[in-house]
Amino acid sequence: MKYYYLTLLLIFFSFENYAQKEWAVYDEALIPEYQLPALMKTDKGKDVTTVKEWRQRRKELLQHFATEMYGITPGEKVKVQFKTIEKSEQALNGKAVRKQILATFSANGRTAPMNILIYLPKNAHKPVPLFVGLNFYGNQTICDDPAILTNEAYCLNVEEKGVYNNKSSEAIRGVQSERWCVDSIINAGYGLATIYYGELYPDYEEGREAGVASLFSTGKNEKEKNEQGQAISIWSWGLSRAMDYFETDEDIDEKKIILMGHSRLGKAALWAGAQDERFAIIISNDSGCGGAALFRRKIGETARIINAYFPHWFCGKFKQYNEREEFLPVDQHALIALMAPRPVYVASAEDDLWADPKGEYLSAYHAGEVYGLYGLKALGSSEMPPVNAPQGNYIGYHIRTGGHDVTPYDWSCYLTFVKRFLSE
Ligand code: GCU
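Residues numbered from 1 in each chain as written. Predicted model: local features only at pLDDT ≥ 70, side-chain atom pairs only at ≥ 80, totals over all residues. Heavy atoms only, no water.

**Student:** In this structure, what is going on with unusual backbone geometry? I would like to understand it.
**Tutor:** Keep in mind that most residues, glycine aside, have a negative phi and that most peptide bonds are trans. Across the junction of lysine 126 and proline 127, the peptide omega takes the value -5°, indicating a cis bond. As for its position among the elements, proline 127 is in the loop between strand E3 (110-121) and strand E4 (128-135). Cis geometry marks the peptide bond from alanine 340 to proline 341; its omega dihedral reads 5°. The backbone of asparagine 108 sits at a positive phi, close to 45°, despite the residue not being glycine. As for its placement among the helices and strands, asparagine 108 is situated in the loop between strand E2 (96-107) and E3. Judged by relative accessible area, which is 54%, asparagine 108 ranks as exposed. Residue glutamate 323 is not a glycine yet carries a positive backbone phi of 60°. Judged by its relative accessible area of 52%, glutamate 323 falls in the exposed class. (Helix = DSSP H or I, 4+ residues; strand = E, 2+ residues; numbered from the N terminus. Buried < 20%, exposed > 50% of the residue type's maximum accessible area, 1.4 Å probe, protein only.)

**Student:** Teacher, can you tell me more about helix H12 (residues 357-373) here?
**Tutor:** In an α-helix, one full turn covers 3.6 residues, which means residues spaced three or four apart are oriented alike. Residues of H12 that are buried include every one of Pro357, Gly359, Glu360, Tyr361, Leu362, Ser363, Ala364, Ala367, Gly368, Val370 and Tyr371, and no others. Glycine 375 sits one or two positions beyond H12 and adopts a positive phi of about 75°.

**Student:** For this particular structure, what's the right way to read the side chain of arginine 296?
**Tutor:** Locating arginine 296 in the fold gives a position in the loop between strand E7 (281-285) and helix H10 (303-309). Only 2.5 Å separates the side chain of arginine 296 from the backbone oxygen of leucine 328, close enough to count as a polar contact. Apart from the residues within four sequence positions on either side, arginine 296 is in contact with Pro32, Tyr34, Gln35, Leu36, Pro37, Glu325, Glu326, Phe327, Leu328, Val330 and Asp331. (Polar contact = N/O pair within 3.5 Å; in protein donor to acceptor, adjacent residues only side chain to side chain. Contact = heavy atoms within 4.5 Å.)

**Student:** How do you make sense of the pairing of E3 when you look at a structure like this?
**Tutor:** Side chains on a regular strand alternate between the two faces of the sheet. Across the 12 residues of E3, 10 count as buried, placing the element largely inside the fold. Taken together, the 12 bridges between E2 and E3 define a ladder with antiparallel strand orientation. Across the sheet, residue leucine 102 finds its bridge partner in E3, namely asparagine 115. Counted along the chain from E2 to the antiparallel partner E3, the turn is two residues long, and its residue asparagine 108 has a positive phi close to 45°. Across four bridges, the pairing between E3 and strand E5 (residues 191-196) is antiparallel. For isoleucine 118, the partnering residue across the bridge sits in E5 and is alanine 193. (Pairing = 2+ DSSP bridges.)

**Student:** What am I meant to see in the packing of helix H8 (residues 231-246) against helix H9 (residues 264-275) here?
**Tutor:** It is at 8 Å that the axes of H8 and H9 come closest, and there the two elements cross at 60°. The angle between H8 and H9 falls in the class oblique. The element H8 and its partner H9 pack so that their crossing is right-handed. Residue-level contacts link Ile232, Ser233, Trp235, Ser236 and Leu239 of H8 to Arg264, Leu265, Lys267, Ala268, Ala269, Trp271, Ala272 and Gln275 of H9. Across the contact of H8 with H9, the residue classes tally to eight nonpolar, three polar and two charged. (Axes fitted to C-alpha atoms, helices over the stretch in contact; angles between N-to-C directions. Parallel < 35°, antiparallel > 145°, perpendicular 65-115°, else oblique. Left-handed = near helix turned anticlockwise from the far one by under 90°. Nonpolar A, V, L, I, M, F, W, Y, C, P; charged D, E, K, R; others polar.)

**Student:** How should I be thinking about the nonpolar core in this particular structure?
**Tutor:** Across soluble globular proteins, you tend to see nonpolar side chains buried next to one another. The biggest cluster of nonpolar side chains holds 96 residues, and the ones touching the most others in it are Ile116, Ile118, Trp235, Phe246 and Phe318. The element that contributes the greatest number of residues to this core is H8, accounting for 10 residues. Among the nonpolar cores identified, the runner-up in size contains 31 residues, and Leu192, Ala280, Trp411 and Leu422 belong to it. (Core = buried A, V, L, I, M, F, W, Y, C linked by side-chain atoms within 4.5 Å.)

Next up, the structure:
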């Protein structure tokens, strides 16, 4: 049964990728001459030379990302109630504590749930540092633990709506275990929290009408509608609400929360990390177009392609940059720079040309200018590093062999990276 669902998911993704890839260019020789927007100059052309001036410049950049790309994150007052609905001291063969937290949001006369699954190492010194990331198919898919609750109201129903639906079920329990490496995380003394992204904004065009997204109003006029945050923005909003919960849990060190996301969820992690400075370290795994990769290279997935296939990810206004990436007031090196002075890690995969590994690296490299202002080392060279050789300091990077995925190798690099900053 599990494999039936997995096969359907694979067929769906392969078909989707086949259609998109028809449009993509991969030849470096076809990359247009481009100039990246300056990080260290304000919109009015004034040089940024101090941290204080950067803090002002930072606001301009955030504003551009919000109005031109991801959309404005909902600022509406949403009530939230956190409730521990399950807890065990004997999880993962006795070495972890498992908590399942139900966040119930209410606004505009509606309510919607978000379930946070948390594992904490039992023998670690409390409060513990914690990784948090959204997952693609449901909390019960990240590990073969029969006690992880599936939210029946949100069950995966491939026949009904395709995989881009906000439902997730029993049949796929544990299918993403290899991507999460829960054991290694716990053995290294870190906690892990995860949330199913479909609960926030189900990943299809009309998804806004379901899940947490449905709590927010859609904007009063054309301008507001056009600049309004869509899926990526609501996924990031959910991560910040999880952060609100971590601040209330005595077992978790809220000053040591590491935000990690893969692919579209890497885009969301970067946008959340840029806006919410409570996240201590941010990790982007193969986040590609609209994540870490530079738009101006126009290679692999581009603005036109992503807007055509995922019109609900970015704000309406972003469509005006289709084939006009050079007019964007920002590029993705600015997104990485918004993490400064916090450590940030960008990871690519050699065969994941769709995500443009070189564009991901160059973003990380160019963001280093801002880290320099803080006196922090980042990545030393604009040359792509060799495969399987992690680089950098406050900005870390690796490109590993293989394709678009999260592997135990990626996790081992993340654990090594975060340890440098989080061990007392
Ligand atoms: C598609 C999409 C990417 C995205 C990826 C994923 O390939 O084009 O932008 O990162 O799906 O989320 O797996």
